[in-house]
Amino acid sequence: MNVSAHIEAVYAEVCRRNAGEPEFHQAVGEVLHSLAPALHAHPEYLEARIAERVCEPERQVIFRVPWVDDQGRPQVNRGFRVEFSSALGPYKGGLRFHPSVNLGIVKFLGFEQIFKNALTGLAIGGGKGGSDFDPKGRSEGEIMRFCQSFMTELYRHLGEHTDVPAGDIGVGGREIGYLFGQYKRITNRFEAGVLTGKGIGWGGSQARTEATGYGAVFFAKEMLATRGEGFEGRKVVVSGSGNVAVYAIEKVRALGGTVVACSDSSGYVVDEDGIDLELLKGVKEVRRGRLSSYAEAKPKARYSERGSVFEVPCDVALPCATQNELAGQDAGALVKNGVVAVAEGANMPCTPEAIETFREAGVLFGPGKAANAGGVATSALEMQQNASRDVWTFAQTEARLASVMQSVHAECRATAETYGGSADDYVLGANIEGFLRVAEAMTAQGVV
Ligand code: GLU
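Sequence order as written defines residue numbering, which begins from 1 separately in each chain. Side-chain atom pairs in this predicted model are given and counted only at pLDDT of 80 or more, local residue features only at pLDDT of at least 70, and totals for whole chains, interfaces and linings cover all residues. The side-chain values count all of the structure's non-hydrogen atoms but skip hydrogen atoms and water molecules.

Quick word on the overall build of the protein
From N to C terminus, the protein includes 18 helices and 12 strands. Radius of gyration (C-alpha) of the protein: 21 Å, near the 22 Å computed for a compact globule of 448 residues. For the protein, the C-alpha atoms occupy an extent of roughly 65 × 55 × 45 Å along the three principal directions. Burial classes follow relative accessibility: with a 1.4 Å probe on protein chains only, a residue under 20% of its type's maximum area counts as buried, one over 50% as exposed, and anything between as partly exposed. Counting every position in the protein, which comprises 448 residues, the buried fraction comes to 58%. Across the protein, the fraction of contacts at a sequence separation of at least 24, relative to all contacts at a separation of at least 6, is 72%. Counting from the N terminus, the helices are the DSSP runs of H or I reaching at least four residues and the strands are the DSSP runs of E reaching at least two. Restricting the calculation to C-alpha atoms gives the radius of gyration, and the globule rule supplies 2.2 Å times the number of residues raised to the power 0.38. Note on contacts: a residue pair is in contact if any heavy atoms of the two residues lie within 4.5 Å.

What about the site of the ligand?
As a structural note, the neighbourhood of the ligand is formed by 13 residues, with Lys92, Lys116, Gly167, Asp168 and Ser379 the closest of them. Identification of polar contacts relies on pairs of N or O atoms within 3.5 Å, with a donor-acceptor requirement for protein atoms, meaning one able to donate a hydrogen and the other able to accept it, and with residues adjacent in sequence counted only if both atoms are side-chain atoms. At 2.8 Å from an oxygen atom of the ligand is found a side-chain nitrogen or oxygen belonging to Lys116. Note that an oxygen atom of the ligand is positioned 3.0 Å from one of the side-chain N or O atoms of Lys128. For accessible areas, the Shrake-Rupley method is used with a probe of radius 1.4 Å. Any residue's cover is judged against the shown protein chains and nothing else. Taking 300 Å² as the accessible area of the ligand by itself, protein coverage stands at 95%. It is strand S3 (residues 91–97) that provides the largest number of residues to the shell around the ligand, a total of 3 residues. Classifying every residue of the shell around the ligand gives 2 nonpolar, 6 polar and 5 charged. We call a residue near a given molecule or strand whenever any one of its heavy atoms falls within 4 Å of it. For this classification, the nonpolar set comprises Ala, Val, Leu, Ile, Met, Phe, Trp, Tyr, Cys and Pro, the charged set comprises Asp, Glu, Lys and Arg, and every other residue, Gly included, is treated as polar.

Digging into the pairing of strand S10 (residues 316–319)
Burial of the side chains of S10 extends over both faces: Val316 and Leu318 are buried on one face and Ala317 and Pro319 on the other. By the bridge criterion, 4 bridges tie strand S6 (residues 235–239) to S10 in an arrangement that is parallel. From the neighbouring strand, Ser239 faces S10, where its bridge partner is Pro319. Paired strands are those between which DSSP finds at least two bridges. In terms of strand pairing, S10 meets strand S11 (residues 341–343) through 2 bridges, oriented parallel. Paired with Ala317 across the two strands is Val342, which belongs to S11. Following the chain from S10 across helix H13 (residues 328–336) to the adjacent parallel S11, one finds a crossover that is right-handed. A crossover gets the label right-handed when its path from the first strand over the helix to the second runs clockwise, viewed with the strands pointing away from the viewer.

Quick word on the pairing of strand S2 (residues 74–85)
In this sheet, S2 lies alongside strand S1 (residues 59–68) in antiparallel orientation, the contact comprising 10 bridges. Within the sheet, the bridge partner assigned to Phe63 lies in S2 and is Gly79. Here S2 runs beside strand S4 (residues 126–131); their pairing, made up of 6 bridges, is antiparallel. In the sheet register, Val82 faces S4, and the bridge partner there is Lys128.

Quick look at the pattern of salt bridges
Pairs may arise between side chains of opposite charge once their charged atoms sit close together. Salt bridge, as applied in this entry: a Lys or Arg side-chain nitrogen positioned within 4 Å of an Asp or Glu carboxyl oxygen. Summed over the entire model, instances satisfying the criterion amount to 35 salt bridges. As a salt-bridge pair, Arg234 and Asp315 come within 3.5 Å of each other at their nearest N and O atoms. Taken as a pair, Arg234 in the loop between helix H9 (208–225) and S6 and Asp315 in the loop between strand S9 (302–304) and S10 lie far apart in primary sequence, 81 residues in all. Here the two residues Arg234 and Asp315 agree in accessibility, since each one is buried. Here Asp425 ties to Arg359 by a salt bridge, and the two come within 3.1 Å at their closest N and O atoms. With Asp425 in the loop between helix H17 (394–418) and helix H18 (426–444) and Arg359 in helix H14 (residues 352–361), the pair connects residues that are 66 residues apart, well separated along the chain.

What to know about the nonpolar core
Within the largest apolar cluster, 56 residues are counted, with the highest numbers of intra-cluster contacts made by Leu280, Tyr294 and Leu318. Ranked by residues supplied to this core, first place goes to H9 with 8 residues. Throughout, nonpolar core names a set of buried Ala, Val, Leu, Ile, Met, Phe, Trp, Tyr and Cys residues whose side chains join them through atoms within 4.5 Å. In terms of nonpolar packing, the next biggest core, distinct from the first, is built from 43 residues, Val31, Ala416, Ile432 and Met442 among them.

Notes on the side chain of Lys369
By the element assignment, Lys369 lies in helix H15 (residues 368–371). Taking the relative accessible area as the measure of exposure, Lys369 reaches 1% and is therefore buried. In terms of polar contacts, Lys369 uses its side chain to reach the side chain of Asn431, at 2.7 Å. Not counting residues up to four positions away in its chain, the partners in contact with Lys369 are Glu30, Val31, Glu112, Phe115, Lys116, Leu119, Ala430 and Asn431.

Regarding the sheet that holds strand S5 (residues 163–166)
Hydrogen bonds along the backbone pair up the strands of a sheet, which may run parallel or antiparallel. On the basis of which strands lie adjacent, the open sheet formed by 5 strands has the order S1-S2-S4-S3-S5 and mixed pairing. Two strands lie at the open edges of the sheet, namely S1 and S5, each paired on one side alone. Mean inter-strand twist for the sheet, computed between neighbouring axes without regard to direction, equals 20°. Every angle, taken between N-to-C directions, lies between 0 and 180 degrees, and every axis is a line fitted to C-alpha atoms, over only the stretch in contact when it is a helix.

What to know about the state of the cysteines
Cysteine sulfurs are considered disulfide-paired once they come within 2.5 Å of each other. Under the defined criterion, the tally for this structure stands at 0 disulfides. Between Cys350, a cysteine without a disulfide, and Cys320, which holds the nearest cysteine sulfur, the sulfur-to-sulfur distance is 10 Å.

So, the packing of aromatic side chains
Paired rings are identified among Phe, Tyr and Trp, the last through its six-membered ring, by centres lying within 6.5 Å, and are further divided according to the angle between planes into stacked (under 30 degrees), edge-to-face (over 60) and tilted (the rest). The full count for this structure, using the stated rule, is 19 aromatic pairs. Here the aromatic rings of Tyr45 and Phe435 are separated by 6.4 Å at their centres, their planes lie at 85°, and the arrangement is edge-to-face. Of this pair, Tyr45 sits in helix H4 (residues 43–47) while Phe435 sits in helix H18; the two residues are 390 residues apart in sequence, bridging distant segments of the chain. A ring pair is formed by Phe146 and Phe150, whose centres lie 6.0 Å apart and whose planes are at 35°; its orientation type is tilted. Residue Phe146 and its partner Phe150 are both found in helix H7 (residues 140–154); the two are separated by 4 residues, about one turn of the helix. Here Phe146 and Phe150 have matching classes, each one buried. Grouped by ring-pair contacts, the aromatic residues Phe63, Trp67, Phe97, Phe133, Phe146 and Phe150 constitute a single cluster. Over the ring of Tyr214 we find Lys251, and its NZ or CZ is 4.4 Å from the ring centre. By definition here, charges over rings are those cases where NZ of Lys or CZ of Arg is within 6 Å of the ring centre and within 35 degrees of the ring normal.

Overview of unusual backbone geometry
The phi dihedral of Ala123 falls on the positive side, at around 55°, and the residue is not glycine. Mapped onto the elements, Ala123 comes out in the loop between helix H6 (103–120) and S4.

Given below as structure tokens:
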């Protein structure tokens, strides 16, 4: 069989059956187009139609989320949970609350999650969920009532051995608290392992909040080390200013780098002294305000609503905002300014054109399913602590996170080389390594 032609046929069929879901097509395309060498080496996976099967979610749930706003008016949103793959463990992946959420977005995220989770080596399957609810401008009471209504439907699909959600964009510690409270009330069970990202005092793990950002920086550090480099004295641009970005900035600083710019959905701020983390946290978390107020508080900083944060010259770029935020043009600007490494803290922030631009220019590129695996890896560590009723220290948990990121990095390189690529081809390595782990389990478990 001509493997490449077969892959094209599978991809065309996925696009046809999932019409109108461009992000899902993009995520599937990226994985499928890496798989030819793996399927050549493993004709049994071709025979078992693993690629076709893994592209079809095991289960997709869509539900109504009715709630009452502060004015007493009924509101209605749409809730989703896509339980994509349980080959390696219970479905695992975050919930995203954002007006852009639709089935295609949840499916792209769930699909990525399968391979990311496989790469962690921590026995977790892949899933994702969320709602088109917009938390922006909503009161505490509205957020709580929305979360309660969302969980009133979702709870029946969850369980510590079945499906374990966590946070993503728009879902942080506050929302996980309300979701957990409602799950506990409905089921009459303190089932700590049913959600991750919980508060430290009631089943949460140290370092979970920091894990995605820290992990992305650990991954980038490993990439730089392959060229005998480090973060020391390096200029770094981080896009976004949410949870992932904030802790990426913190870790870059700890490793001796300077984050000269970060962004939000309205613009970006450049601070050549290095982004002042306390000020940023104050602006974003305490006041839940816009980034423009950073520059108001610090006159030496410059805020811009025009252009892109990726036009700011840097050695390392960490896109930590959202999907497709870094397009071909941005990649061109980064390359022109001499970027050495790019690691994705967000899920699929770089467009296919951007990735191609980095590849042609020889820029080290860490795809999200490897570079941002630290968040979900630490969720798995939280599940471990819950299952053993244990509590680990921050240092212990961070050390485990660092070692997971090191092995994800090393395995991507080794697999890329084994399958005929350059060790620097992290896209090839991550996609093949993630796929093979899932394919092996699916084959062993039969056609289910
Ligand atoms: N939403 C995060 C991700 O994209 C974390 C998921 C989790 O911890 O389950 O990987």
